[in-house]
Every structure is written in C-alpha cells, then in structure tokens.
Amino acid sequence: MAAADVLEYNEVFLEQKGSLVDGRLRLSRQNIVFKNSKTGKVDSVLASEVRDGVWRRVARGYGLKLQLHSGGLYKYDGFRESDFDRMSEFFRSNYQLELQEKDLCVKGWNWGTARFSGQLLSFDIGDQTAFEIPLTNVSQCTTGKNEVTLEFHQSDDAQVSLMEVRFYVPPSQEDGADPVEAFSQNVLSQADIIQATGDALCIFRELQCLTPRGRYDIRIYPTFLHLHGKTFDYKIPYTTVLRLFLLPHKDQRQMFFVISLDPPIKQGQTRYHFLILLFSKDDELSLTLNMSEEEVAKKFDGKLTRDMAGPLYEVVSRIMKSLVSRKITVPGNFVGNSGAHCISCSYKASSGLLYPLERGFIYVHKPPVHIRFDEISHVNFARGTTTTRSFDFEIETKQGGLYTFSSIEREEYGKLFDFVNAKKLNIKNRGMKESIKQTYDDYADSDDDQHDAYLEQVKAEGRIREETANDSDSGDESDESFNPGEEDEEVDEEYDSNAAGSSSSSQEDQSEDERAKKVPAKKPKIVKEKAPKKRSEGKKGKEKDPSAPKRPMSAYMLWLNANREKIKSDNPGISVTELSKKAGELWKAMSKEKKEEWDGKAVLAKKEYEKKMDDYRRSGKAEAFKKKDSPKKSKGKVEKTSSRTTSKSPVKGVNDSYKSKEFVSSDESSSGSEDSEKGATSSEDSGSD
C-alpha cells in the first residue's frame, strides 16, 4: 500500500492545559499543522523535530502523542482504530519513524516510578505508564519533608480541572543529594513558572490602558510581559499572545494597540481576552535596550536595534512584534464614508469602532470582539429600530453566536455592503439588497423631517383603527338605534315632524324636508321615530366628545401593538397588508396558554375603561356634552325627528306600534301615552348611559 503525501483529519482534539481543543490536523512531509477551530491559532511542528510517535487508546477513541527532540510534547485525540494502519505507513515512509503502539496501565496503583523526559513527567507502573503530566502545565512547585506538590494552570475551557498533585518521595539510602530537591529541580526546569529574574529589557512608564482600565508600567522581559499598576499586577507569557493589532482611531490623532490573549488574564472572576493600549500619535520616545549590541543582533536578527527612537506606539509595537514573533494586523483597503478605516457603531450598551479587516472584523473597545471570516455563518443588514437614519449590522457565527452592531450611519451602508460582498460572505437578506440600498440612497441628502411613505401608511392604519373603535362606542354617547335585520344600505334617513300622524301628512312633511335638502321625494314608507340629532342641521359626521375615554383594545390588538416591530424586523420590507396577514397567522397559531395572557390584559383594560367611564359620567361632562350636542328647541316646541324607513311598500295610518323604543318625550311635553298619540313630537335625548 503506497503512503499518502498528506493526511488530514477534521475532527481532532489537541490537549492544552487539561482541556481538549477542537480543530483540524494536517500531516505532510515537511510539517504537522494543527488549526484551532475556536481561535484560528495555528501550531506547526517541523517533521524533522519529531523524535517519537506513540499510538494508544484514550478517552475519545485513539490518540497520537508526539515527542520532540527539544523536549516538547503534543497530544492529539479523536482518531479511529482504522486510522492506525494508514498513519503508521505515513510515519514510516515520510518521517522514517515507527509509530509505537502502547497501552496505558489501568491497575489503579499509586506506587511506581517517576520518569522525566523533556517536558513530560510520566508515572510508570512496571513497563506501562499510568498517567503523564506535561510540565508546561505546572504553575507552582512546593516541597516539604519527603513530599513535592505540583499546582497547575487552570483552563477556562475545561469543565473539570486538576488543581494539584502530591508525590511522596522516599528518603534516599545513599548520602548526597536530597531526592525531594532533585525532583523539584527537574520540575522547575521545564515548568511554566514566571519568575522575574534579572533586569527588564526596557520599561514604558504610565501607559494608558483601556482594557484592563488604568495606567500601567510595562516591563518587557525576554519571555513575558509585566503590567504593573497601582492596584493590580499581571505577568503575561509571550506564548499566550494570539494576535497583535495596530488600529488608527477615527479621529486620526490616536492609535489602538490590541494584544489578543489565550488564555486570558484574570482579575478575580473577570477574564480579559484582550489587552488594549491607547497612544497619541504625537508622543515620541527614545530608549536604549538593556542588552549589548551583539546580544541584540544575535537575538533579534536585525529586527531591533539597541538604540530606538520614534513615535511611542511604533516603538512598543516593534518590540512586541519581535519578542512575540507574531505579525501585526493593520486595517486593509476598507475606507468608510468619513475617510477612516473604521465605522462608528454600538455594541450592547456601549459605543465604539468596528474595523473591517482583510480576514475578519474587530470591535473596540468595550467589550472587545474579534470575529474571523472563516467562523462566520452569515451576515445581515437590518433596518434601524429607532430611526431611518441608521441601520444594524448582524453577524452570526457557525457556533450559533450572534453579534449585532447597531446605530451605523446610513451613509456607510453602500461601502460596508460592497466590502462584505467582495469578501464573499454569505449575506442573509441579499435579495433585499436593492430595495434597502435604494432606501438609504434616497435618504442620503434629506433632512430629519423627511417624508417617510411607510410611516405615513402606518399612521393612516392607526387612524382607521381608532375611528373604528370610536364608532363602535357610539352607544355610550348617542341614542342612534341599531336593529339587526332591518338595516338597508340603500335606505336614506328621512326627517319627519309628525311621525304619529297620517301617511299623507308624513308625505307632505317629508317632501318639504327633502326639497330643503335638494333630495328628490321618495315613496311614503313605514318609519320609526328617532330622537333629534345634529344631522337634522345638515351635518353628516357624528361629533365625538374628546374628553370621553377611548374604548379598550381587544386581546389581539394588544398583542399586535406589542409585536408589530418584531414582525417587521423578522420580515424586512413587508407591506402593511402583508403585515396584517402575517400577524393573523401568528395569532391563529399561538397556543392557548399564550393567548390567555393577552386575554387577561384585555380584561384588565376593559375594567380600567369601565372605571374611567363611571368617573366620566359622574363628572357631568357627558351630560354637558349631550346638551351642547342636542338641537335647540323652536318657539313652538315642535321639532323634526329622524326616522329610518323599514319597508318599501306604503302603509296608511301609521300608528304607535311603529314608534322607536328610543323615543322619549321631554318633561315639557310628556303627559303619558296620550300626548304621544296626539302627535306631540317635542323630545329630548335621554341618552343611553
């Protein structure tokens, strides 16, 4: 079987400080590369550095352990048993190594032999290994009488962490070195314990730090960075630095220097994944490194000089770049509407700057966020929730995280869209691009008081809804009758001064009124009498009392008002008609339990309305408005009463049986039913309160 030139595994885990990090492993003739799926960090090992390869059964199936000539150690997990033959052949053909197959001891004994091999401490029982400890995970080593205690760095990604391990070291029978001290020195020689020995290469005094906030002295040591503040003190190994960013502020007078850390520095329960320094471009600095010129040339290979001068941000970034051996990321070709390489926006509760980079986005500064393009599932352009002068930019990652950058000026839309499109990111609402872009282009030169057709349409809908609600409340303010089954859309309202008289007299009065209104006379019809209203004076509309309480909304309308904006945001560009239809479908599909919540709110609103109506009636405003609204009496105390035709065939001798139930005689003319039969038509509106 011929060996492959390259082997790739997509679901492999690298052990780091007690946690398993998901990523991709690629083995080639030249090197072995692991890419962290979460951070994008790449760990590369030259094939020539590999000393041993061990295959064994582990937690997730089968694992691969690589031991380097330098003492370094890499452990990979997540392989299948069937991968052994292929990988063994690959090691034999490309690395000239035999992939050893070993099993771990599962006896559970706690007495054995401690062996040190480079950065690895293994505890063996017989010829088999019971467990192994990478010494780079050790944060502290303390000794006692016949005892050594190892403490470990903690990983935020590990659900369960190992805090410490104690070894009992029996006294030696031979005179000479203490075995406990020898054990401790073997551990400390490879442990990741930061000890500030010797002088710092250089010191930067009182630098402004945004995260963590404050002013710190920064001491640069060969292997770590020391932040010394008035309250807190941090030691940051260069091995934990993930990326470096140098970003110009939007005001063009300041610079951000961002250091991405993994694992983060800790302050109590707070984790800082980013160290952000703020510099003024005008600050200059001259310094001399605490090294000889020969040492500088040998260590930094011409990247640094012993004497350095220039802008403060440039000196700091150059030194950090050389010590960390990481490239500094700067903004790419994106230029916003203001001419800067960033966009002003808000994230969560704070405002900041969003920088579109060549391989991702970074937001500074509270909280800092870095999102790589290869972890983005899709992006979305959304209309601003508070004003049409801005929009929101949403980023959803493949892990399900959602980042919303809001309050972006509409002038930035075109350039940001073109940038995202050029990077070939998946745009969720790409189909809406033209309509949204046209919307913001139309607003480009307008003022705040611009005409918004969509807003006007919504307002019109609200007015129609309010008028409908007021019309349905007419029974509280007038005595207009409502008789189901007797309504006729083609029937005109007629006014009669003597509804109880003969049909001929009714016809005469009707004709006179109709001539006054310039309406052709109609056939005499059976009529029902009504109390006088202002319509007799020629006014078509019904006047409403502005001080009267408004009728309460139904459960559906309460729910719709609360969810209207959410429906709009979930369905960009939806029309008013489509919105109403969509809302009806959502309401219909809603569970009974959720509807009961809104039914309860509607009941409370109705009770509140009834309480307000009682107060309104007691105040006398209702009676005062009705008197004001009623037509004034004539000297003869004879008024025309409204009547509605209920039959198309003429009937002679209309009697009292056709009188409206709502006809009530006034105190001045009421003398029982006899007065009514005699045609006394003077009446007052008693209302329907």
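The rules behind the values
Residues numbered from 1 in each chain as written. Predicted model: local features only at pLDDT ≥ 70, side-chain atom pairs only at ≥ 80, totals over all residues. Heavy atoms only, no water. Helix = DSSP H or I, 4+ residues; strand = E, 2+ residues; numbered from the N terminus. Buried < 20%, exposed > 50% of the residue type's maximum accessible area, 1.4 Å probe, protein only. Contact = heavy atoms within 4.5 Å. Areas by Shrake-Rupley, 256 points an atom, 1.4 Å probe, with all protein chains shown as cover. Phe/Tyr/Trp six-rings, centres within 6.5 Å; stacked < 30°, edge-to-face > 60°. Lys NZ or Arg CZ within 6 Å of the ring centre and 35° of its normal. Salt bridge = Lys/Arg side-chain N within 4 Å of Asp/Glu carboxyl O. Pairing = 2+ DSSP bridges. Axes fitted to C-alpha atoms, helices over the stretch in contact; angles between N-to-C directions. Patch = residues over 30% accessible without salt bridge, like charges linked within 9 Å, V, L, I, M, F, W, Y side chains within 5 Å. Lys, Arg positive; Asp, Glu negative; His and termini not counted. Charge placed at Lys NZ, Arg CZ, Asp CG, Glu CD. Core = buried A, V, L, I, M, F, W, Y, C linked by side-chain atoms within 4.5 Å. pLDDT = per-residue confidence, 0-100.

## Some thoughts on the overall build of the chain
Then comes step 1: What the chain contains, in helices and strands, is 13 helices and 34 strands.
Then comes step 2: Each of the 689 residues in the chain was classed as buried or not, and the buried ones make up 42%.
Then comes step 3: Counted over contacts in the chain with a minimum sequence separation of 6, partners at least 24 positions apart contribute 51%.
Then comes step 4: Approximately 39,500 Å² of the chain is accessible, and the part contributed by carbon and sulfur atoms is 47%.

## A word on the packing of aromatic side chains
Then comes step 1: The full count for this structure, using the stated rule, is 32 aromatic pairs.
Then comes step 2: The interplanar angle of 85° and the centroid separation of 5.1 Å between the aromatic rings of Tyr-9 and Phe-79 together place this pair among those described as edge-to-face. Taken as a pair, Tyr-9 in strand E1 (residues 7-16) and Phe-79 in strand E7 (residues 73-79) lie far apart in primary sequence, 70 residues in all. As far as the burial class goes, Tyr-9 and Phe-79 line up, both buried.
Then comes step 3: Grouping aromatic residues by their ring pairs yields a cluster made of Phe-334, Phe-361, Phe-373, Phe-381, Phe-391, Phe-393, Tyr-413, Phe-417 and Phe-419.
Then comes step 4: The aromatic ring of Phe-300 is capped on one face by Lys-299, whose charged end is 5.9 Å from the ring centroid.
Then comes step 5: Over the ring of Trp-598 we find Lys-601; its NZ or CZ atom is 3.9 Å from the centre of that ring.

## As for the pattern of salt bridges
Then comes step 1: According to the stated counting rule, one finds 22 salt bridges in the structure shown.
Then comes step 2: Close ionic contact of Asp-124 with Arg-115 constitutes a salt bridge, the shortest N to O distance being 2.5 Å.
Then comes step 3: For Arg-115, a relative accessible area of 40% puts it in the partly exposed group.
Then comes step 4: One continuous salt-bridge network, built from bridges that share partners, spans Lys-35, Arg-372, Asp-374 and Glu-375.

## Here we look at unusual backbone geometry
Then comes step 1: In this structure, the amide linkage connecting Thr-211 to the following residue, Pro-212, adopts the cis form with an omega of -10°.
Then comes step 2: For the bond running from Asp-262 to Pro-263, omega is 5°, close enough to zero to count as cis.
Then comes step 3: The phi angle at Lys-348 is positive, at roughly 60°, despite the residue not being glycine.
Then comes step 4: Mapped onto the elements, Lys-348 comes out in the loop between strand E25 (343-347) and strand E26 (350-356).
Then comes step 5: We note that Ser-407 has phi near 60°; this positive angle belongs to a residue other than glycine.
Then comes step 6: Relative to the helices and strands, Ser-407 is located in strand E31 (residues 402-409).
Then comes step 7: Overall, Ser-407 belongs to the partly exposed group, its relative accessible area being 43%.

## Concerning helix H5 (residues 413-422)
Then comes step 1: Among the residues of H5, those classed as buried are Tyr-413, Gly-414, Leu-416, Phe-417, Phe-419 and Val-420.
Then comes step 2: Of the residues one or two after H5, Lys-424 is the one with positive phi, at around 60°.

## Considering the pairing of strand E3 (residues 31-36)
Look at any regular strand and the pattern is simple: side chains alternate between the two faces of the sheet.
Then comes step 1: Where strand E2 (residues 19-27) lies against E3, five bridges are found, and the strand directions are antiparallel. Looking at E3, one finds that Gly-23 is bridged to Asn-36.
Then comes step 2: Counting the residues that bridge the hairpin from E2 to E3 gives three residues.
Then comes step 3: The pairing of E3 with strand E4 (residues 42-46) spans five bridges and is antiparallel. Across the sheet, the residue bridging to Ile-32 is Val-45, located in E4.
Then comes step 4: Adjacent in sequence and paired antiparallel, E3 and E4 are bridged by five residues, among which Gly-40 carries a positive phi angle near 80°.

## Some points on the sheet that holds strand E11 (residues 128-134)
The pairing of strands in a sheet comes from backbone hydrogen bonds and takes either a parallel or an antiparallel form.
Then comes step 1: Strand order in the open sheet formed by three strands is E9-E10-E11, and the pairing between neighbours is antiparallel. Looking along the sheet, the strands with just one partner apiece sit at the ends: strand E9 (113-117) and E11. Taken pair by pair, the neighbouring strands of this sheet meet at an average axis angle of 25°, ignoring direction.
Then comes step 2: Pairing analysis gives six bridges linking strand E10 (residues 120-125) to E11, with the strands arranged antiparallel. Note that in E11 the partner of Phe-123 across the bridge is Phe-131.

## Overview of a negative patch on the surface
Then comes step 1: A surface patch of like charges, here negative, comprises Glu-81, Asp-85, Glu-101 and Asp-103.
Then comes step 2: Turning to its location among the elements, Glu-81 is positioned in the loop between E7 and helix H1 (83-95).
Then comes step 3: Here Glu-81 falls in the exposed class, since its relative accessible area comes to 56%.

## A short note on the nonpolar core
Generally speaking, nonpolar side chains in soluble globular proteins are found buried as a group.
Then comes step 1: Ranked by internal contacts, the top residues of the largest apolar core, which has 40 residues, are Phe-204, Ile-220, Leu-225, Phe-257, Ile-259, Ile-319 and Met-320.
Then comes step 2: When residues in this core are grouped by element, the largest group, eight residues, is from helix H4 (residues 312-324).
Then comes step 3: Beyond its immediate chain neighbours, meaning those up to four positions away, Ile-319 contacts Cys-202, Phe-204, Ile-220, Leu-289, Leu-304 and Met-308.

## Comments concerning the confidence of the model for the chain
Then comes step 1: The pLDDT averaged across the chain works out to 75; a share of 72% of its residues lies at or above 70.
Then comes step 2: Of all helices and strands in the chain, the one with the weakest mean pLDDT is strand E32 (residues 493-496) (37), whereas strand E27 (residues 360-364) scores best (94).
Then comes step 3: Confidence drops under a pLDDT of 50 for residues 432-451, and excluding neighbours within four residues, the segment shows 30 contacts in the predicted structure.
Then comes step 4: Here residues 632-689 is a poorly scored stretch, pLDDT under 50, and it has 116 contacts once near neighbours within four places are set aside; other chains count.

## Quick look at the sheet that holds strand E12 (residues 138-144)
Then comes step 1: As summarised here, the arrangement of the three strands in space is E12-E13-E14, forming an open sheet in which the pairing is antiparallel. Each edge of the sheet is formed by a strand with only one pairing partner; in this case those strands are E12 and strand E14 (164-168). Mean inter-strand twist for the sheet, computed between neighbouring axes without regard to direction, equals 15°.
Then comes step 2: Where E12 lies against strand E13 (residues 147-152), six bridges are found, and the strand directions are antiparallel. By the bridge assignment, Gln-140 is partnered in E13 with Glu-151.
Then comes step 3: Contacting E12, E13 and E14, helix H2 (residues 179-188) crosses the sheet at an angle of about 170° to E12.

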